[in-house]
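The lines below spell out each chain.
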Amino acid sequence: MWSTRIPLFVMIRRAIGMALLGVTLAATAPATRADYTYRSQIGSSGSGNGQLSRPDGVALDSSGNVFVSDAGNSRVEEFNSAGAFVRAFGSAGSGNGQLSGSSGVAVDGSGNVFVGDPGNSRVEEFNSAGAFVRAFGSAGSGNGQLSTPYGVAVDGSGNVFVADSFNNRVVEFNSAGAFARAFSSTGSGNGQLSLLDFPRGVAVDGSGNAFISDSFNNRVVEFNSVGAFVRAFGIPNLGDGQLFDPRDVAVDGLGNVFVTDLNNNRVVEFTSTGTFVTTIGSFGSGNGQLSLPRGVAVDGSGNVFVADSINNRIEVFAPSAVPEPSSLVLAGLGAVVGTGWARFRCRA
């Protein structure tokens, strides 16, 4: 469920954090931005075939088929590479093959689909034809347990990474669905995820590094293949390379990181080392515009797929330039408040 109300303690804490950001941040940015243009739209508002209600997650298989976590309808919808409806699977409930507010979605090399089932505190697996395979995870905070899991990712070996949102950690399951490990801890320091707002999305690159959208801390945190902290990037605000409640994260074949910047109504692209590259989209309901974007995925050609949740669609953006590195210094920021910052905050 999402709400337009901002809790008072969240507003106070964020205002204090913003006021303390009086620092200068050295960074490297491209001289030529990788610009993106609107290409197409998938889906429309509703509950019928090919229609969506608050789409939350989006993923692609090796053939370019698009899988959408249709949260408001508690199901997953599959579209082909041309954007035509193929099938829907899952339904509302708590039984096998049923979902309670479907969230993140991921596809492995065999076409199996993994879906975060936050209301049932588990992840469900479906095969390439949409048939239920198994569920793993159960409600709790112990090993192999989950509390409102959202983001889901699968690595090349079939290991499944889950953003265990209310437990403030990422849980890894092996390809057989058995608990492998959990990493991170509560807090806002390096390698920590805040208790006050959950880690929401997770992606894994070709080297096994995990990138996590740390929503309350308005940043992305990277861990290496053994679960050790590497770096954090992104700071809270409205400018270039800044984030306001990041929700999902994706990594392309070159290691570039794409983050849905929920309350700034855009996608932000960073290099593999956390340097700002460009932004995609703007607030609105027209072509190329977004309203509370959640899920994000990137195909082999660099096309970016965004779950545009309030507009009940997937928008596709195509790259039109290749970035070249140069240096940039971002000035320190204070407590800036504007129309973008005042937009309502989403809680799930």
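Overview of the structure. (Residues numbered from 1 in each chain as written. Predicted model: local features only at pLDDT ≥ 70, side-chain atom pairs only at ≥ 80, totals over all residues. Heavy atoms only, no water.)

1. Description of the overall build of the protein
Within the protein, the regular secondary structure consists of 2 helices and 38 strands. A burial count over the protein gives 53% of its 348 residues as buried. Within the protein, counting contacts between residues at least 6 apart in sequence, those at least 24 apart form 50% of the total. Of the roughly 13200 Å² of accessible surface on the protein, 50% is carried by carbon and sulfur atoms. (Helix = DSSP H or I, 4+ residues; strand = E, 2+ residues; numbered from the N terminus. Buried < 20%, exposed > 50% of the residue type's maximum accessible area, 1.4 Å probe, protein only. Contact = heavy atoms within 4.5 Å. Areas by Shrake-Rupley, 256 points an atom, 1.4 Å probe, with all protein chains shown as cover.)

2. Some details on the sheet that holds strand 26 (residues 229-233)
Read across the sheet, 4 strands follow the order 23-24-25-26 without closing on themselves; strand pairing throughout is antiparallel. Single-partner strands in this sheet number two, and they are strand 23 (199-204) and strand 26. The mean inter-strand angle of the sheet, taken between neighbouring strand axes irrespective of direction, is 20°. Looking at chain direction, strand 25 (residues 219-223) and strand 26 are connected through 4 bridges and run antiparallel. Bridged to Phe 223 within strand 26 is Phe 229. (Pairing = 2+ DSSP bridges. Axes fitted to C-alpha atoms, helices over the stretch in contact; angles between N-to-C directions.)

3. Focus on the sheet that holds strand 36 (residues 304-308)
With respect to topology, 4 strands assemble into an open sheet ordered 2-37-36-35, the strand pairing being antiparallel. With partners counted over all chains shown, the strands left at the sheet margins are strand 2 (36-42) and strand 35 (293-298), one partner each. Neighbour-to-neighbour, the strand axes of this sheet turn through a mean angle of 25°, independent of strand direction. Bridge count for strand 35 against strand 36 is 4 bridges, and the pairing is antiparallel. Across the sheet, residue Val 296 finds its bridge partner in strand 36, namely Val 306.

4. Observations regarding the packing of aromatic side chains
The geometry of an aromatic ring pair comes down to the distance between the two centres and the angle between the two planes. According to the stated counting rule, one finds 9 aromatic pairs in the structure shown. Centre to centre, the rings of Phe 89 and Phe 126 are 5.0 Å apart; their planes meet at 50°, and the pair counts as tilted. Taken together, the residues Phe 89 in strand 8 (residues 85-89) and Phe 126 in strand 13 (residues 122-126) connect sequence positions 37 residues apart. For the residue pair Phe 89 and Phe 126, the accessibility class agrees, reading buried in each case. (Phe/Tyr/Trp six-rings, centres within 6.5 Å; stacked < 30°, edge-to-face > 60°.)

5. Details of the pattern of salt bridges
The full count for this structure, using the stated rule, is 16 salt bridges. For Arg 200, the salt bridge goes to Asp 56, with nearest N and O atoms at 2.7 Å. Residue Arg 200 is found in strand 23, and its partner Asp 56 is found in strand 5 (residues 55-60); the two are separated by 144 residues along the sequence. The same class applies to Arg 200 as to Asp 56, namely buried. We note a salt bridge from Asp 308 to Arg 313, for which the minimum N-O separation is 2.7 Å. Each of the two residues, Asp 308 as well as Arg 313, counts as buried. One connected set of salt bridges, linked through shared partners, spans Asp 56, Arg 200 and Arg 294. (Salt bridge = Lys/Arg side-chain N within 4 Å of Asp/Glu carboxyl O.)

6. A word on the side chain of Glu 77
Tracing the backbone through its elements, the reader meets Glu 77 in strand 7 (residues 75-79). Look at Glu 77 and you get buried, because its relative accessible area is 0%. Polar contacts involving the side chain of Glu 77 include one to the main-chain amide nitrogen of Gly 50, which spans 2.9 Å. If near-sequence neighbours (up to four positions away) are discounted, Glu 77 is found in contact with Gly 48, Asn 49, Gly 50, Gln 51, Leu 52, Val 66, Phe 67, Val 68, Asp 70, Phe 85, Arg 87 and Ala 88. (Polar contact = N/O pair within 3.5 Å; in protein donor to acceptor, adjacent residues only side chain to side chain.)

7. Some thoughts on the environment of Pro 293
Turning to its location among the elements, Pro 293 is positioned in strand 35. You can call Pro 293 buried: its relative accessible area is 0%. In this structure, the C-alpha to C-alpha distance between Pro 293 and Arg 266, residues 27 residues apart in sequence, is 6.8 Å. Apart from residues lying up to four places away in sequence, Pro 293 is in contact with Thr 260, Asp 261, Leu 262, Asn 265, Arg 266, Val 306, Ala 307, Asp 308 and Ser 309.

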